[in-house]
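Now for the letters of each chain:
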Amino acid sequence: MIESCESDLLNSALAEIPDKQRRRFILRHEHRMSLKEIARLEGCSERAVKYSIALAKKNLKDILEGDFL
């Protein structure tokens, strides 16, 4: 039951971040793709993917921390 609640919270938070960040975060963490694979798929640099994922993590953290305050 706790895992279900955590999953619901994460899904809600993911819905609040920009599409590009969400897509890259999911490709990296759920599909276990490398930065290089994501960059090739999206036609951009690995640096851009890395930055986008870092920003997604920051945004998710901010959203999730806000839910618990």
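Rules and cut-offs
Residues numbered from 1 in each chain as written. Predicted model: local features only at pLDDT ≥ 70, side-chain atom pairs only at ≥ 80, totals over all residues. Heavy atoms only, no water. Helix = DSSP H or I, 4+ residues; strand = E, 2+ residues; numbered from the N terminus. Buried < 20%, exposed > 50% of the residue type's maximum accessible area, 1.4 Å probe, protein only. Contact = heavy atoms within 4.5 Å. Areas by Shrake-Rupley, 256 points an atom, 1.4 Å probe, with all protein chains shown as cover. Salt bridge = Lys/Arg side-chain N within 4 Å of Asp/Glu carboxyl O. pLDDT = per-residue confidence, 0-100. Arc of directions from axis to C-beta.

Enquirer: Kindly report on the overall build of the protein chain, identifying the contributing residues and their values.
Expert: When its secondary structure is counted, the protein chain shows four helices and zero strands. Put simply, the protein chain runs from its N terminus to its C terminus through helices and strands in the order α-α-α-α. Within the span of the protein chain, comprising 69 residues, buried residues form 23% of the whole. Taking contacts inside the protein chain between residues at least 6 apart in sequence as the whole, the part at least 24 apart equals 53%. Total accessible area on the protein chain stands at roughly 5100 Å², and carbon and sulfur atoms take up 54% of it.

Enquirer: Quick one: what's the story with unusual backbone geometry, residue by residue and with numbers?
Expert: Look at Arg32: it is not a glycine, yet its phi comes out positive at around 55°. Topologically, Arg32 is positioned in the loop between α2 (19–29) and α3 (35–42).

Enquirer: Before we move on, could you go through the pattern of salt bridges and cite the residues and values that matter?
Expert: In this structure the tally under the stated criterion is five salt bridges. Measuring nitrogen to oxygen at the nearest pair gives 2.7 Å for the salt bridge that ties Asp62 to Lys58. Of this pair, Asp62 and Lys58 both sit in helix α4 (residues 46–68), four residues apart, roughly one helical turn. By relative accessible area, Lys58 is classed as partly exposed at 47%. Taking the shortest distance from any N to any O, the salt bridge between Lys61 and Glu65 comes out at 4.0 Å. With Lys61 and Glu65 both in helix α4 and four residues apart, the pair spans about one turn of that helix.

Enquirer: So what's going on with the confidence of the model for the protein chain? Residues and values would help.
Expert: Predicted confidence across the protein chain gives a mean pLDDT of 90, with 87% of residues reaching 70 or more. By mean pLDDT, helix α1 (residues 2–16) is the weakest element of the protein chain at 79, and α3 is the strongest at 98.

Enquirer: Explain α2 to me, using residue names and the numbers behind them.
Expert: Of all the residues in α2, the buried ones are Gln21, Arg24, Phe25 and Leu27. Down the axis of α2, the smallest arc covering the buried residues is 165°, so these residues share one side.

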